[in-house]
Amino acid sequence: MHFPILSVIIFTPLAAGLLILLLPAERKTEIRVIALAAAAVSLLLSIWVYASYQTAAGGYQFVERLPWLPALGISYYVGVDGISVPLMLMAGLVVLTGVMISWNIEDRPREFFSFLLILGTSVFGVFASLDLFQLFFFYELAVFPKYLMIVVWGWPKTREYGAMKLTLYLFIGSVVSLVGALAMYFAAGQHTFDMLALERAGYSTAFQRLWFPVVFFGFAVLGGIFPFHSWAPDGHVAAPTAVSMLLAGVEMKVGAFAALRVAIMLMPEGAQMWRWLILGLATINVVYGAWIAMIQTDFKYVIGFSSISHMGLVLIGFATLNHDGLVGSGMQMFSHGVMTALFFAVVGMVYDRAHTRDLTRLGGLYRKMPWAAIGFIIAGLVSMGMPFFSGFVAEFPIFMGMWQTAPAVALVAVLGVIITAAYILRVVGRVFFGELPAELAGVGDVTVLDKLAVAMLSVVMVALGVYPSLMVPLVESGVQHVLSLVGGA
Amino acid sequence: MEFVVSHLLTLILFIPSLAALAMLFLPREEVRLIRWVALIASLIPFFLSLWLWLRFDPSRQGFQFEELYDWYPAIHSSYHLGIDGISLTLVVLTTLLTSLGVLASFSITDRVKAYMILFLFLETGLLGVFMSLDLLLFFVFWEVGLVPMYFLINQWGSANRNYASLKFILYTMAGSLGLLLAIQLIGVVSGTFDLPLLFQRWTSLAGDARLLGLPVSTVKAIAFWAFVIAFAIKVPVWPFHTWLPDAHTEAPTAGSMILAGVLLKLGAYGFLRLVLPLYPVESRIYAGALAFLATMAIIFGALGAYGQDDFKRLVAYSSINHMGFVVLAIAAAAWAAGTPNAVIALNGAVLQMFNHGLSAAGMFFLVGVIYERTHTRDLNAYGGLFALLPAYGGILIFTAMASLGLPGLGGFISEFLVVRGAWPVFTLATALSMVGLLFTGVYVLKAIKKVLHGPLNERWSGHLKEINAREAVVIAPLMALSLVIGLWPAWILDVINRAVSMWF
């Protein structure tokens, strides 16, 4: 029995979250330190997993399996492949930086950090799940911390609305997927939720064509697919900063990842049939999302809609069902997760100090908080797909994938790139440069932990952009497996 | 030492960036230190590129100093560098102008550290374009250089900088979208981004084959125009030039020097390195259209320059005029590929790029010098300054003459070669362009007259300072090189000519 590294990554945050709840509320320092330590443990171990994953061997590694409900064919079954390993790392990074930038939260920090960590367990759990039931278990585990954190700590103006909308959308989505998953369970007739077994279940073409859209779109709601995306901007904006980072950075990837793992990989023939619809909708995501981001006047909504646009590229990459597109999507999931976490972190830093997110009332903050400004600019360059930043090395292969299957999509989706450049530059100019409004004269700089969080996220994106081979071979090994299932179409 | 020799291009390319990263750790207040570190960081690649020039063997076929490493194997892109005579010339121009630009920027006092860091990053972006032998890598550097330039204009520019910087970056990025798509297409079709391989694989695609359901020739024609538009915006060729006057006018002095001196050459280099070799057939088909646009650029650029009352804007328009000759030569070579005329025209084009780099950078610098003293660029506000600033006046006249193409100075040689090469190919366009050359004389003389001659504007008497030693050091190499090339061009033409003859 080797060291159960994945379980430790998954359950350390949960254990710490429960431990925190047992502490008296006044002991804020201990609460924070425990949260930080738990997040750091998960991150360090996910770095360990990342570094020691055997790319050449491929497949699922660090596998652990325990019977859970044997009567129903449910087991606790975890393992990671080339696609989930980077996502584990990304989730670890975002949870840790989320804790760091929430350090000075004053309103009930005990519950806040506890819920944040439980959310962390949920996302780690989904990424590592090899059992379909367990995947849903972790998927749904996120619902209550998400809802509560938005309602309690969110933006007072819209938190009830945002939380309710987000919860309902995602709940309906997951119920729809669950129905599809149950259909898969029964159709396979093997009395198991083991996804590796289900991969070989050999569903009939008719079954796949019928059930693929149910499962895929159910999950894709969380991935932000048009026209089921509208929970995302409202939810992101209503949420407190760290939750926005996790929602947009990690949770949307959870949706996309589940759509890939369950829908595309288990029902590849269904994917072949429905890919055109996905391509079409996701292209709308890319261009429409960017366009709506362009016309926002609320700083946070700009970023909220930019996520819609970028997630569109992930879904397009999936729908190409070819090597380049899938590799690009794998990279984009990581890159966008880190990027958007940094975006929301900086938005939070600005809002905490300026007490407004109205783009017409912000300005000149570069001189007040240069680290936040540079972090935002770096995330902006990633977002624009600028070479030498991770966005480029992710988006370029996606476009190459489009050329191989749907050239028209490439021609349309590329518009998203230029619109993105326009809104990013507009926001950077409005918020960080130009005249400093008089009422912002007293704004202070960000904290040391904030700077550290900005630096961590930025360095990752630049490193990956300069030398993509840090991650690409890993993603490629995961993609090989996907291609073997979809038949390399 | 062995490492230095075998990685000469990498060192030249990344020393500025590494220095910029190191400068992040310098204290913001140590302005003098930051300036000198930046200058030294830009001089090292300059001297290395001189060494490169000495080690370069013009008589050898193909690319030299090649370096090839994996970069993004999943999509078959590699870190492939190498230079020939064409790129070597431009590498030396870039490292020279960056050093001079840093020196010229010693007068910057606002956020010196950020400024110098961006300036050094910019150098890496520019050099990368000239050194890349991988199409994707080319695009990487092509695009990434925009970022520092955007911020230099946006943060250190003059009054209208927000508008100008946004127009600059959106215009260029929008122009690059087609290039991006075409590069992806080429990568998908050819299975590689390696340029020497693409020169064979992509060009050999022909005949009845179909791509994406369309005949190859149609796809190639579309991809050709995607390339051409991206590069035409950068050069810029009329009617894609409208970003230029704004960007050049609003940029800080050294930014304008690099914009005019190097950035415009990226577009022309794109034509030479990519368009002509990758699309020989399409280039020939559309050469006439390109020649037309070039002629328009020459004529309208000159007329536009003449119409300005803003000294800097006048110089900006003059770039459109001068770069028109480069494009005219490229068009002629595309039409007459394989003939001596093509070789002569392209010799002229490359030399014109180099010469224009010298003269335009010099002119922008001199505009900056007078602006720092008078805080105006309005030509009507000057007048009779020769009496106050004889040394500056002499330098300005010299540089303006170099720009105008006075025999004995560099511009004459290159424009003569262009005209000589293009005349038998596009006689009418060349003849019209020579009329444009006449207007060049007119606007240059207008500028000189308005600034230096006429009645002295009493506003300035008494307190205008003469050009100082640092400024003289910036302008001297530009003047000297212009004179040397004007009198004895063989040393540089030899390098250019052999490269051009091998290719075309």
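Everything numeric in this text was worked out from a predicted model, so none of it was measured.

1. Regarding the interface of chain B and chain A
Accessible area lost upon the coming together of the parts is a frequently used measure of interface size.
Here's step 1: Facing 24 residues of chain B, the contacting portion of chain A comprises 27 residues.
Here's step 2: Counting only elements with at least two residues in the side of chain B that touches chain A, the list comes to β1 (64–72), α6 (135–144) and α8 (161–190) of chain B.
Here's step 3: Per-class residue counts for the side of chain B that touches chain A are 19 nonpolar, three polar and two charged.

2. Thoughts on the packing of helix α15 (residues 370–383) of chain A against helix α18 (residues 448–466) of chain A
Residue and element names in this part refer to chain A.
Here's step 1: Axis separation between α15 and α18 bottoms out at 10 Å; the angle between their running directions is 25 degrees. Between α15 and α18, the angle is such that the two are roughly parallel. When you trace α15 past α18, the crossing you get is left-handed. For the pair α15 and α18, the contacting residues are Trp371, Ala372, Gly375, Ile378 and Val382 in the first and Lys451, Val454, Ser458, Met461 and Val462 in the second.
Here's step 2: Along the lines of polarity and charge, the residues of the contact of α15 with α18 split into seven nonpolar, two polar and one charged.

3. Quick word on the domain arrangement of chain B
Residues and elements named next belong to chain B.
Here's step 1: Parsing chain B into structural domains produces domain 1 (1–236) and domain 2 (279–504).
Here's step 2: Contact with domain 1, which involves 23 residues of that partner, is made by 26 residues of domain 2.
Here's step 3: Among the elements that take part in the side of domain 1 that touches domain 2, helix α4 (residues 85–104) stands out by supplying eleven residues, more than any other.
Here's step 4: Taken together, the residues of the side of domain 1 that touches domain 2 sort by class into 15 nonpolar, six polar and two charged.

4. Quick word on the nonpolar core
Residue and element names in this part refer to chain B.
Here's step 1: Within the largest apolar cluster, 408 residues are counted, with the highest numbers of intra-cluster contacts made by Val327, Ala329, Ala331 and Ala332.
Here's step 2: Lining this core are residues from two domains, each supplying at least three of them: domain 1 (1–236) and domain 2 (279–504).
Here's step 3: Ala332 has contacts with Ala291, Asn341, Ala342, Ala345, Gly421, Ala422, Val425 and Phe426, leaving out every residue within four places of it along the chain.

5. Side note on helix α5 (residues 112–131) of chain B
Here's step 1: With 20 residues, α5 of chain B extends 29 Å from end C-alpha to end C-alpha; this agrees with the ideal 28 Å at 1.5 Å per step.
Here's step 2: Of all 20 residues making up α5 of chain B, 20 are buried, and the element is well covered by its neighbours.

6. Remarks on the packing of helix α9 (residues 205–223) of chain A against helix α12 (residues 268–294) of chain A
Residue and element names in this part refer to chain A.
Here's step 1: Direction vectors running N to C along α9 and α12 enclose 70 degrees, while the axes themselves pass 7 Å from each other. The angle between α9 and α12 places the two elements in the roughly perpendicular class. α9 and α12 meet at a crossing whose hand is right-handed. From α9, Thr205, Gln208, Arg209, Trp211, Phe212, Pro213 and Phe216 reach across to α12, where they touch Glu269, Gly270, Ala271, Met273 and Trp274.

Rules behind the numbers
Residues numbered from 1 in each chain as written. Chains lettered and ligands numbered in written order. Predicted model: local features only at pLDDT ≥ 70, side-chain atom pairs only at ≥ 80, totals over all residues. Contact = placed C-beta atoms within 7 Å. Helix = DSSP H or I, 4+ residues; strand = E, 2+ residues; numbered from the N terminus. Nonpolar A, V, L, I, M, F, W, Y, C, P; charged D, E, K, R; others polar. Axes fitted to C-alpha atoms, helices over the stretch in contact; angles between N-to-C directions. Parallel < 35°, antiparallel > 145°, perpendicular 65-115°, else oblique. Left-handed = near helix turned anticlockwise from the far one by under 90°. Domains from an automatic or database assignment. Core = buried A, V, L, I, M, F, W, Y, C linked by C-beta atoms within 7 Å. Buried ≥ 20, exposed ≤ 12 C-beta atoms within 10 Å, placed from the backbone. Expected span 1.5 Å × (residues − 1).

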